[in-house]
Amino acid sequence: MNQLIQKLKNLDRRIFVGINGRWHRKFLNSWLYRLTFLGGATFTIASSLLIWLAAPQPWSRVGLQSCVALALSHLPVALVKKTYPRVRPYLTLPGTNTFRNPLKDHSFPSGHTTAIFSVTVPFVAAVPALGFVLLPVALLVAVSRIYLGLHYPSDCLAGAVIGSCVALGTVAFWA
């Protein structure tokens with residue numbers, strides 16, 4: 001079992017180094033630095049609230065579902081961050097590319113990834129065709145977290161699973 005865990009950790013690091021190191025380009029630096037904010041608190045809270053309060057039905061209901069999923073999804077994130085205090089990769093891996101004001105709290109799971117998936121999944125559940133646009137954007141936010149040196153791939157995978165599961169549970173509750 002320990003060998004399997006070690007192999008998974010090594011794979012996590014190799015993928016991280018590939019995305020954070022080998023992918024670095026001037027164009028991507030600017031683009032992914034800005035894109036990552038789509039998973040931040042300001043954007044996810046503001047957009048969900050705006051859709052809930054200003055959009056006509058059925059979008060208003062989906063906006064409310066996104067608000068609820070966003071709020072609920074951060075309960076397990078906070079619990080896991082306290083239970084498993086993983087140090088951010090830029091603090092442990094020499095040569096990691098980072099940007100302005102990197103976060104110093106715990107890395108696992110990714111809160112930005114959790115947020116973007118918890119907000120987008122209710123829209124995809126309501127109109128599956130939106131998945132062709134929203135899910136690639138959510139995945140790019142997750143990749144941006146790795147690219148910026150803030151998360152390992154497993155942090156983002158865990159955030160995507162938590163955000164998606166909570167969002168699907170929220171949507172199912174409404175049905």
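Please read these numbers as outputs of a predicted model, since none were measured by experiment.

**Student:** I keep staring at the overall build of the protein chain and nothing clicks. Help me out?
**Tutor:** Of regular secondary structure, the protein chain possesses eight helices and zero strands. Walking the protein chain from its N terminus toward its C terminus, one meets helices and strands in the order α-α-α-α-α-α-α-α. The C-alpha atoms of the protein chain give 16 Å as radius of gyration, which agrees with the globular expectation for 175 residues (16 Å, within 12%). With the principal axes as the frame, the protein chain shows a C-alpha extent of 50 × 40 × 25 Å. Within the protein chain, the fraction of its 175 residues that count as buried is 43%. Considering only contacts in the protein chain between residues 6 or more positions apart, those separated by 24 or more positions represent 78%. Of the accessible surface of the protein chain, which amounts to about 9,700 Å², a share of 72% is contributed by carbon and sulfur atoms.

**Student:** Explain the UniProt feature "domain: Phosphatidic acid phosphatase type 2/haloperoxidase" (unreviewed entry) in the protein chain here, please?
**Tutor:** The feature "domain: Phosphatidic acid phosphatase type 2/haloperoxidase" (unreviewed entry), as annotated in UniProt, sits at residues 64-171 in this numbering. Across residues 64-171, helical content stands at 70% and strand content at 0%; the span's end C-alpha atoms are separated by 10 Å.

**Student:** What is the right way to read the side chain of Ser47 from this model?
**Tutor:** By the secondary structure assignment, Ser47 is in helix H3 (residues 41-54). In this structure Ser47 comes out as buried when scored by relative accessible area, which is 17%. A distance of 3.4 Å separates the side chain of Ser47 from the backbone oxygen of Thr44, its partner in a polar contact.

**Student:** How do you make sense of the environment of Ala126 when you look at a structure like this?
**Tutor:** Take Ala126: it is sitting in helix H6 (residues 111-126). Separated by 13 residues in the primary sequence, Ala126 and Leu139 have C-alpha atoms spaced 19 Å apart.

Parameters and conventions
Residues numbered from 1 in each chain as written. Predicted model: local features only at pLDDT ≥ 70, side-chain atom pairs only at ≥ 80, totals over all residues. Heavy atoms only, no water. Helix = DSSP H or I, 4+ residues; strand = E, 2+ residues; numbered from the N terminus. Rg over C-alpha atoms; globule rule 2.2 N^0.38 Å. Buried < 20%, exposed > 50% of the residue type's maximum accessible area, 1.4 Å probe, protein only. Contact = heavy atoms within 4.5 Å. Areas by Shrake-Rupley, 256 points an atom, 1.4 Å probe, with all protein chains shown as cover. UniProt positions renumbered as here; feature names shortened; annotations may be inferred. Polar contact = N/O pair within 3.5 Å; in protein donor to acceptor, adjacent residues only side chain to side chain.

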